[in-house]
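Residues per chain, in single letters:
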Number of protein chains: 2
Amino acid sequence: MTLKLFYSPGACSLAPHIVLEEIGTEWEPVRISLKEGAQRRPEYLAINPKGRVPALATDQGVITENPAILAFLAQTFPQANIAPVSDPFGMAQVNSFNGFLSSSLHPAFAHAFRPERFGEGEEAARAMRSRAPVAVAEYLQLAEEKLGGNEWIHGDYTVSDPYLFVFTGWAPRLSVDMTAFPKLQSHRERMMQRPAVKAALAREESATG
Amino acid sequence: MTLKLFYSPGACSLAPHIVLEEIGTEWEPVRISLKEGAQRRPEYLAINPKGRVPALATDQGVITENPAILAFLAQTFPQANIAPVSDPFGMAQVNSFNGFLSSSLHPAFAHAFRPERFGEGEEAARAMRSRAPVAVAEYLQLAEEKLGGNEWIHGDYTVSDPYLFVFTGWAPRLSVDMTAFPKLQSHRERMMQRPAVKAALAREESATG
């Protein structure tokens, strides 16, 4: 299967980027720089009409939305052991956590990064930017409790771990005090040790991707 | 398997509510009235620390987040034919659409229903309430295009259809002009013909649930 990941440096597409590195299959990275507005160009809108990253192009068509992409990669590469794909309840826990990240934690950040998406005006933007770090901290607290004494979110390493890693990386940009989340900090350090994480970060930080 | 669905009348928990009626398995409805603040009571927070509905209690534990619950029900009851569970790409399309609903369309509504979740103050609330119907209409347009000439979102009926039905039901509360979305309107009418939809709506509209 030929896979192409459309990603932007530092965006939430880092999660499937890391996962593709973990799997070690052949795939092609395609940089869609949000900073340059590349996600709004007609050639990308033809791939993802929503104008967002990530998008995963497969032999059968394009998949969008992180939780869907991550579950698909786990199912397509069961030998990579990145989700309990043969256990519906275990898989539901992975999908549930990923759904929480995409529908609660990610939007909380978006209110600081792109307040104009949710309401016009400087006063509204100020209110959202002031609320965002509080909401982010509340959601991170839920993740901290979920992690508990485990190394990884679901006990064993799964696709939820690189997805969580995206947001622990964003939190300092909102001046969220990460020392309040020692378990998430250790999780982040464990992630940084993984060769797949190093490889994905190196590609995203390079000039050309 | 004993299943319990924690739902609130009119909330997005209507999606798994309909799906459980479609499956026709034995299950127990548990009403958690958001209007009465029941989702913040300690006994419910013990079930779902996020204080949201829906939550699905199974023999193995609780599942939260609509896309995860819907995929789990489809996988657990393959004979109900409510998602292409044996086709990873087809399932990814279902998960992708459900992910879009939960992370884009649902939050767009939440800015009108609960602006204080995203920023304090009357000025910010006004800005969000004014932006919300525009964002909702943009997302509904994507759903209208995705539906295209099909009866159901993915061609065959899947769990994405009752989930979409939740939001076409909410749109009039934001004064979104649904005549701009004739395909979604027909979709809504088709849904209303289904006995499972009638049964779920009747339960939610009854006094006691």
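Shown above is the structure to which this text applies.
Throughout what follows, the structure given in this document is the object of discussion. (Residues numbered from 1 in each chain as written. Chains lettered and ligands numbered in written order. Predicted model: local features only at pLDDT ≥ 70, side-chain atom pairs only at ≥ 80, totals over all residues. Heavy atoms only, no water.)

## Focus: the interface of chain A and chain B
Tallying the contact residues gives 40 residues for chain A and 40 residues for chain B. Carbon and sulfur atoms supply 60% of the area buried between chain A and chain B, which totals about 3100 Å² over both sides. At the boundary of chain A and chain B, one finds zero salt bridges. Counting across the chain A and chain B interface gives 11 residue pairs in polar contact (both at pLDDT 80 or more). (Contact = heavy atoms within 4.5 Å. Buried area = accessible area lost by both parts, 1.4 Å probe. Salt bridge = Lys/Arg side-chain N within 4 Å of Asp/Glu carboxyl O. Polar contact = N/O pair within 3.5 Å; in protein donor to acceptor, adjacent residues only side chain to side chain.)

## Looking at the relation of the copies chain A and chain B
Rotating chain A by 180° about the axis while translating it 0.0 Å along that axis superimposes it on chain B, leaving an RMSD of 0.0 Å. Put plainly, the chains are arranged around a two-fold axis. Counting the interface residues of chain A, we find that 100% of their copies in chain B are interface residues as well, pointing to one common contact surface. (Least-squares fit on C-alpha atoms with pLDDT ≥ 70 in both.)

## Remarks on the side chain of B:Ser102
Along the chain, B:Ser102 falls in helix α4 (residues 88–113). The buried category is assigned to B:Ser102, whose relative accessible area is 7%. Of the polar contacts made by the side chain of B:Ser102, one reaches the backbone oxygen of B:Gly99; its length is 3.2 Å. Sequence-distant contacts of B:Ser102, defined by excluding residues within four places in its chain, comprise A:Ser103, B:Pro67, B:Pro107 and B:Tyr163. (Helix = DSSP H or I, 4+ residues; strand = E, 2+ residues; numbered from the N terminus. Buried < 20%, exposed > 50% of the residue type's maximum accessible area, 1.4 Å probe, protein only.)

## As for the pattern of salt bridges
Residues and elements named next belong to chain A. If you walk through the whole model with that rule in mind, you get 12 salt bridges over all chains. Between Glu 22 and Arg 194 there is a salt bridge, with its nearest N and O atoms 3.0 Å apart. On the criterion of sequence distance, the pair formed by Glu 22 in helix α1 (residues 14–23) and Arg 194 in the loop between α7 (182–192) and α8 (195–205) is long-range, its members being 172 residues apart. For Glu 22, a relative accessible area of 23% puts it in the partly exposed group.

## Some words on the sheet that holds strand β1 (residues 3–7) of chain B
Residue and element names in this part refer to chain B. An order of β2-β1-β3-β4 is seen for the four strands of this open sheet, with the pairing classed as mixed. In this open sheet, the two edge strands, each paired with only one partner strand, are β2 (27–31) and β4 (61–64). When strand polarity is set aside, the average angle formed by the axes of neighbouring strands in this sheet is 20°. Where β1 lies against strand β3 (residues 55–58), three bridges are found, and the strand directions are antiparallel. Residue pairing in the sheet places Leu 5 in a bridge with Leu 56 of β3. (Pairing = 2+ DSSP bridges. Axes fitted to C-alpha atoms, helices over the stretch in contact; angles between N-to-C directions.)

## Topic: helix α3 (residues 66–76) of chain A
Owing to its 3.6 residues per turn, the α-helix brings residues three or four apart onto one side. Among the 11 residues in α3(A), nine count as buried, and that is most of the element. A:Asn66, A:Pro67, A:Ala68, A:Ile69, A:Leu70, A:Ala71, A:Phe72, A:Leu73 and A:Ala74 are the residues of α3(A) that are buried.

## Structural notes on the environment of B:Val19
All names here are of chain B. Summarising the element assignment, Val 19 is placed in helix α1 (residues 14–23). Overall, Val 19 belongs to the buried group, its relative accessible area being 1%. Along the primary structure Val 19 and Met 91 are separated by 72 residues, whereas in three dimensions their C-alpha atoms are 16 Å apart.

## A closer look at the packing of aromatic side chains
By convention here, two paired aromatic rings are described through the distance between centres and the angle between planes. Tallying each qualifying case throughout the model produces 22 aromatic pairs over all chains. For the pair A:Trp152 and A:Tyr157, a centre-to-centre distance of 5.0 Å together with 85° between the ring planes defines the contact as edge-to-face. Take A:Trp152 and A:Tyr157: they sit in the same class, and that class is buried. The aromatic ring of B:Phe113 is capped on one face by B:Arg173, whose charged end is 4.3 Å from the ring centroid. (Phe/Tyr/Trp six-rings, centres within 6.5 Å; stacked < 30°, edge-to-face > 60°. Lys NZ or Arg CZ within 6 Å of the ring centre and 35° of its normal.)

Fair warning: the whole summary comes from geometry, so function is off the table for now.
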